[in-house]
Amino acid sequence: MAINIAIDGPAGAGKSSIAKLVSKELGYIYVDTGALYRTVGLYSIRKGIDTKDADAVTATLKDIKVELGFVDGAQHVFLNGEDVSEAIRTPEASMGASNVSAIPAVRTFLFDLQRDIAKNNNCIMDGRDIGTVVLPDAQIKLFLTASAEARAERRYKELIEKGEKVEFQDVLDDINKRDYQDSHREIAPLKQAEDAILVDNSGCNLEEGTKLVLSIIRERL
Ligand code: DC
């Protein structure tokens with residue numbers, strides 16, 4: 001049976017950076033489920049559809065094929081055959097993802113893809129509802145968090161490094177808005193699973209956060 005590790009938590013908590021390194025260390029694949037919601041959001045944005053319009057977004061699903069591929073262990077996401085791994089990383093795509101992720105049909109649409117990967121592979125999967133909904137039987141569940149300021153600081157640095165022109169306050173506002181939306185939606189809201197271990201890595205850099213998570217996982221494997 002495949003070993004599944006679920007990591008949930010709010011935007012910018014370090015889930016993907018840490019999970020990527022930990023999965024390499026363990027020889028597992030890393031699955032970033034946020035990329036799937038971002039891809040569905042990107043399709044609507046490109047078509048000029050309001051990502052909050054549930055009916056309009058739902059109607060696009062029949063035209064979308066979302067696939068995940070792994071190149072040298074790194075996840076790539078494909079939208080109708082196009083590699084959109086970079087295109088989904090803009091602030092606009094982040095908010096679009098948060099909007100479409102509140103639409104039940106979108107969650108259903110992406111559910112089997114996530115479940116199938118976990119069934120067939122030892123993996124670390126990160127998202128918002130992995131421990132609660134997608135993989136309730138995961139062997140290890142972590143809820144990884146950090147203060148909103150620490151998370152905004154990290155996102156801000158990432159975006160500046162990529163050459164995006166952003167203000168810190170806007171990044172912080174976006175984080176707070178997404179936190180609120182992600183944890184208050186009706187379906188599969190962001191929340192800690194009862195059997196998840198809470199890990200706050202506010203004061204940690206990436207190396208420290210990775211060590212912390214790895215030690216928690218190794219104790220339980
Ligand atoms: O992890 P991320 O920032 O790339 O996720 C983008 C959005 O997708 C996030 O605001 C909420 C949504 N999401 C979700 O609802 N469920 C998941 N399992 C992963 C992401």
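Report follows, based on the coordinates. (Residues numbered from 1 in each chain as written. Predicted model: local features only at pLDDT ≥ 70, side-chain atom pairs only at ≥ 80, totals over all residues. Heavy atoms only, no water.)

**A look at the sheet that holds strand 1 (residues 4–8)**
Backbone hydrogen bonds hold the strands of a sheet together, and the pairing may be parallel or antiparallel. Worth spelling out the cut-off: Strands were regarded as paired on the criterion that DSSP finds at least two bridges between them. By the criteria applied, helices consist of DSSP H or I runs no shorter than four residues and strands consist of E runs no shorter than two, each listed in order from the N terminus. Fitted lines through C-alpha atoms serve as axes, helices being fitted only where they are in contact, and the angles separating the N-to-C directions of these axes extend from 0 to 180 degrees.
Within the open sheet, the five strands sit side by side as 2-6-1-7-8. Their pairing is parallel. Either end of the sheet is taken by a strand with one partner, and the two such strands are strand 2 (29–32) and strand 8 (197–200). Within this sheet the neighbouring strands show an average axis-to-axis angle of 20°, counted without direction. In this sheet, strand 6 (residues 123–127) lies alongside strand 2 in parallel orientation, the contact comprising four bridges. When the bridges of strand 6 are listed, Ile-29 appears paired with Cys-123.

**Observations regarding the site of the ligand**
For the record, the criterion: Each residue is tested against the molecule or strand, and it is near if at least one of its non-hydrogen atoms lies within 4 Å. In short, Shrake-Rupley with a 1.4 Å probe defines the accessible areas, and a residue's cover is counted only from the protein chains shown.
The environment of the ligand is made up of 15 residues, and the closest members are Arg-38, Arg-107, Arg-128, Asp-182 and Arg-185. Protein contacts shield 97% of the accessible area of the ligand, which totals 450 Å² for the unbound molecule. Listing elements by their share of the shell around the ligand, those giving two or more residues are helix 2 (34–47), helix 4 (91–100) and helix 8 (168–184). Looking at the shell around the ligand, the element that brings in the most residues is helix 2, giving three residues.

**Overview of the sheet that holds strand 3 (residues 66–71)**
Rule in force here: Contacts are assigned to residue pairs that have any heavy atoms within 4.5 Å of one another.
Overall, antiparallel pairing links the three strands, which are arranged 3-4-5 in an open sheet. Single-partner strands in this sheet number two, and they are strand 3 and strand 5 (82–83). Judged from the two bridges that link them, strand 4 (residues 74–79) and strand 5 form a sheet pairing that is antiparallel. Along strand 5, the bridge assignment pairs Leu-79 with Glu-82. On top of the sheet, helix 2 reaches strand 3, strand 4 and strand 5; it is set at about 30° to strand 4, its chief contact.

**Some points on the nonpolar core**
The following threshold applies: As used here, the term nonpolar core means buried Ala, Val, Leu, Ile, Met, Phe, Trp, Tyr and Cys residues forming a set that is joined through side-chain atoms within 4.5 Å. Relative accessible area decides the class of each residue, using a 1.4 Å probe on protein chains only: under 20% of the type maximum gives buried, over 50% gives exposed, and in between gives partly exposed.
If you look at the biggest cluster of nonpolar residues, it comprises 30 residues, and the most contacted ones within it are Val-40, Val-66, Val-77, Val-106, Leu-110, Met-125 and Leu-135. At the level of elements, helix 2, strand 3, strand 4, helix 4, helix 5 (104–120), strand 6 and helix 6 (130–134) are the ones that each hand at least two residues to this core. If you tally residues by element for this core, the top one is helix 2, at six residues. Sequence-distant contacts of Met-125, defined by excluding residues within four places in its chain, comprise Ile-5, Ala-6, Ile-7, Val-31, Thr-33, Gln-114, Ala-118, Ile-130, Val-134 and Leu-135. In terms of nonpolar packing, the next biggest core, distinct from the first, is built from 17 residues, Ile-18, Ala-19, Leu-144 and Ile-217 among them.

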